[in-house]
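Examining the three-dimensional arrangement
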Amino acid sequence: MRASSAPTPSRRTVLAGAAVAAAAVAVPVAAPAAAASERHRAKDVEPHRWRTAAIGGTGFVTGLLFHPAVQGLAYARTDIGGAYRWDDVQSRWTALTDQLGWDDWNLLGIEALAIDPAHPDRLYLACGTYAQSWASPGAVLRSEDRGATWARTDLAVRLGANEDGRGAGERLLVDPRDSETLWLGTRHDGLLRSTDRGVTWAPVDFPATASAAGQGVTFLVAAGRTVYAGWGDGGTALYRTTASGGWETVPGQPSGDVAASGVPIRAAYDANSSTLYVTYADAPGPNGQSDGSVHRLDTLTNTWRNVTPVSPDSASGDTFGYGGVAVDARRAGTLVVTTNNRWSQIDTVFRSTDGGATWSSLKDAAVLDVSETPYLRWGGDAAKFGWWIQAVAVDPYDSLHIMYGTGATIFGTRDLVHWAPQIRGLEESAVKFLLAPDQGGAQLLSGLGDIGVMYHDTLAASPSRGMASNPTFGTATGLALAALKPSYVVRTGWPSGSAAAGAYSDDGGRSWQPFAAQPDIAASAPGPVAVGADGATLLWSFIHWDGTKYPAHRSTDGGATWTEVATFPKGGTPIADPLDARRFYAYDTDTGVLFRSTDSGATFSQGATGLPAGDVQFRIAAAPGRSGDLWLSAKDHGLFRSTDGGAAFAPVAGCQASHALGFGRAAPAREKRRPGQRSGTTGYPAIFQTGRVSATFDGVAVLRSDDEGATWIRINDDSHQWGWTGEVITGDARIHGRVYLGTNGRGIQYADPE
């Protein structure tokens, strides 16, 4: 994710309507969760081959760990997209947490990870995206096979993998004296310990007092047989275990700079020199840091030394903190540290070979190659060395192999000069829009959180054009094409580098031009957009990041001029009829009323009333190739359909919940009907949804119907769930059965029947 000086919503916005109301509990309780197969019963499943569309990262990589005893084995964690294992031979990451389902969406954020140096197959994850009272409690996942399978212990405390301080750590540690013992530092509930390899947890006495709004324990690190803990809530910043099993203040801690009053971010231990290196900043990050330092502790003599590479300079505007730190296991005194939140001079990785006495900035000689992930140029000519760098790791078997995480990717080098993304397989996009055109060169168009719109001419490689530019957006807020003129596409989004918030394409999304004009409110409240079936009319709705809704505007000259549409429901999402260019629709989620227009969006009048209301994620979709055929997904209120242009809606029998819905190519006429499938429906588009149909599956699943919603089959399985998937889904207009699914942190998933 890219940071911005303006408060704009990002893919990390809290899921509306998904918060779990639960009272905070201070004492963790071990309660292993039932397996998905026990909670839910699949009755009608069609096996599919699931894959991830390649973009390459796109989100904040918050932690990186090489295993010290296995060459080429490493792990990564992300703030909302789960955990990954690195395969050095394949140069590829494997996702380890896709099995987490709808009810466990809050566990896709990984607060911390831990490996056991003495048992290479063991891996531990501390999961929990939000530590707020409305979020569900966290959990610890335990694996004996490097993340291929998991056992789980639910906690009664909350973790905050997508909150301030998420780049600190690691907060989870296997005790260096006993592999049966694990430590977990929490933000608001002190220090926890397990003596049975993470099966059960209990709080321990700790010298610092936790608070409901603090950072708590920011890291745990082993230095020989001693465990050190960073404390982020002021006062003493560093503690360590004693011979008797308790905790004590580390003596002689730094004073006179930010280390005395700031936040210890990370620490790394050089066993070859018995030295502990600690990074500090004046805020937990990744945003808001303006000062930082690096200090080293001789653990044998308890003497400290300031080894800060470059001190921040507020007078010149060069403000930043320090974040990641890692040592070279093969060379005593060799280490790397990272700056963070350094926007004026751009963040860097500093390297020292003499214990921090002198440093070199690896950015200064770096040759970046982002040809595999062109979006990293961000609409410009060159990529940045990085931002939000709080995770860095040195390969214990190759001193020249360094990886560091950024707000969008993982850069790696094997010679300290040439750097390229080492990101294959790690996809962290939050997907807002998906269009699969029925003709033209694009297989898929996607609108994403933080990185705008992408044109996918293939799904196996990152889009060669990078982010849609002219203009460049942050988070996309709208994406639509003219159904009868699919070469004409429009997009809207949060401006990046200019004030332009809307654009059009005449070549199916390959190239773009900004609208010649836009309403005054557009730059500060860009919302969804629709284009009439013939491309002649644009409707643009406006919603501020704080939720304030504004009148929609209409253009009939390609965006050269705009007029307010007073009768359009403020903040509604405009939908164009796929066949009749005069018809538009909008669902007022505040009142449960369907509004419709028959004069190309000039005026709107009420259609059906008394529909579910009160949730901005209720949405309508228009069936392609038909006029007035509308489907309303109303979450736990179910699925509704109108065949008269929104005059009336009827519930779709048997569907208990519908969250996102889309359409794909109809089943071939020769295809044999399944038992119970209604006849006479050949030619109607395949319907895809994330929803709940208990006759098919007892939980929320990815579903397809080939008979207008009369029957459904489940097309995902328990290994492919990806947490919350309620934003967007669509089928392929050219290939029956292919589905594209948007996730909130695991990119674009797509599948074909096996």
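Treat the numbers as computed from the prediction; the structure is a model and nothing was measured.

**Remarks on the overall build of the chain**
Along the chain, the regular secondary structure elements total one helix and 56 strands. For 754 residues, the compact-globule formula gives about 27 Å, and the C-alpha radius of gyration of the chain, at 26 Å, lands near that figure. Taken along its principal axes, the extent of the C-alpha atoms in the chain is 80 × 55 × 45 Å. With 754 residues in all, the chain has 61% of them scored as buried. Taking as baseline every contact in the chain between residues at least 6 positions apart, the subset at least 24 positions apart corresponds to 55%. Accessible area for the chain stands at about 26,100 Å²; split by element, carbon and sulfur atoms hold 48% of it. A distance of 4 Å separates the average location of the 63 positive side-chain charges in the chain from that of its 75 negative side-chain charges.

**Topic: the nonpolar core**
Counting 37 residues, the largest nonpolar core has Tyr375, Ile402, Tyr404, Ile451 and Ile748 as the members making the most contacts within it. For this core, the elements supplying multiple residues, two or more each, are β27 (391-394), β28 (402-405), β31 (431-435), β32 (444-448) and β56 (748-753).

**Let's talk about the sheet that holds strand β55 (residues 739-742)**
Strand order in the open sheet formed by four strands is β1-β56-β55-β54, with antiparallel pairing between adjacent strands. Only two strands of the sheet have a single partner each, and these edge strands are β1 (48-52) and β54 (729-731). Each adjacent strand pair in this sheet contributes to an overall mean axis angle of 20°, direction not counted. Note: β55 against β56, four bridges, orientation antiparallel. For glycine 742, the partnering residue across the bridge sits in β56 and is isoleucine 748.

**Comments concerning the packing of aromatic side chains**
Scanning the model with the defined rule gives 25 aromatic pairs in all. An angle of 55° between the planes, with centres 5.0 Å apart, marks the rings of tryptophan 86 and tryptophan 93 as tilted. Among the aromatic residues, those joined into a cluster by ring pairs are Tyr488, Tyr504, Phe515, Trp540, Phe542 and Trp562. The ring of phenylalanine 473 has arginine 491 lying over it, and the distance from NZ or CZ to the ring centre is 4.5 Å. One Lys or Arg, arginine 491, reaches over the ring of tryptophan 512 and ends 4.5 Å from the middle of that ring.

**Observations regarding the pattern of salt bridges**
Inspection of every chain in the model, using the stated rule, returns 32 salt bridges. Across the salt bridge formed by glutamate 144 and arginine 197, the nearest N and O atoms sit 2.7 Å from each other. Highlighted residues: glutamate 144 in the loop between β8 (139-143) and β9 (151-154) and arginine 197 in the loop between β12 (191-194) and β13 (202-203), separated in sequence by 53 residues. Three or more residues joined by partner-sharing salt bridges are found here, namely Asp116, Arg122, Glu144, Glu180 and Arg197.

**A look at the side chain of glutamate 111**
Examined against the element boundaries, glutamate 111 turns out to sit in strand β6 (residues 110-115). Apart from residues no more than four positions distant in its own chain, glutamate 111 is found in contact with Arg77, Ala126, Gly128, Leu159, Gly160, Ala161, Glu170, Arg171 and Arg187.

**With respect to the pairing of strand β22 (residues 321-327)**
Along β22, seven of the seven residues are buried, which leaves the element largely enclosed by surrounding structure. The pairing of β22 with strand β23 (residues 335-340) spans five bridges and is classified as antiparallel. Paired with alanine 326 across the bridge in β23 is valine 336.

**What to know about the sheet that holds strand β44 (residues 593-597)**
The four strands are arranged β42-β43-β44-β45 in an open sheet whose pairing can be described as antiparallel. The open sheet terminates on both sides in strands that have one partner only, identified here as β42 (574-576) and β45 (605-606). Across two bridges, β44 lies against β45 in antiparallel orientation. By the bridge assignment, phenylalanine 595 is partnered in β45 with glutamine 606.

**Description of the pairing of strand β21 (residues 303-306)**
For strand β20 (residues 292-298) and β21, the ladder comprises four bridges, and the chain directions are antiparallel. Within β21, the residue paired with arginine 296 across the bridge is arginine 305. Between β20 and β21, which pair antiparallel in sequence order, lie four residues; one of them, asparagine 302, sits at a positive phi of approximately 60°.

Criteria and thresholds
Residues numbered from 1 in each chain as written. Predicted model: local features only at pLDDT ≥ 70, side-chain atom pairs only at ≥ 80, totals over all residues. Heavy atoms only, no water. Helix = DSSP H or I, 4+ residues; strand = E, 2+ residues; numbered from the N terminus. Rg over C-alpha atoms; globule rule 2.2 N^0.38 Å. Buried < 20%, exposed > 50% of the residue type's maximum accessible area, 1.4 Å probe, protein only. Contact = heavy atoms within 4.5 Å. Areas by Shrake-Rupley, 256 points an atom, 1.4 Å probe, with all protein chains shown as cover. Lys, Arg positive; Asp, Glu negative; His and termini not counted. Charge placed at Lys NZ, Arg CZ, Asp CG, Glu CD. Core = buried A, V, L, I, M, F, W, Y, C linked by side-chain atoms within 4.5 Å. Pairing = 2+ DSSP bridges. Axes fitted to C-alpha atoms, helices over the stretch in contact; angles between N-to-C directions. Phe/Tyr/Trp six-rings, centres within 6.5 Å; stacked < 30°, edge-to-face > 60°. Lys NZ or Arg CZ within 6 Å of the ring centre and 35° of its normal. Salt bridge = Lys/Arg side-chain N within 4 Å of Asp/Glu carboxyl O.

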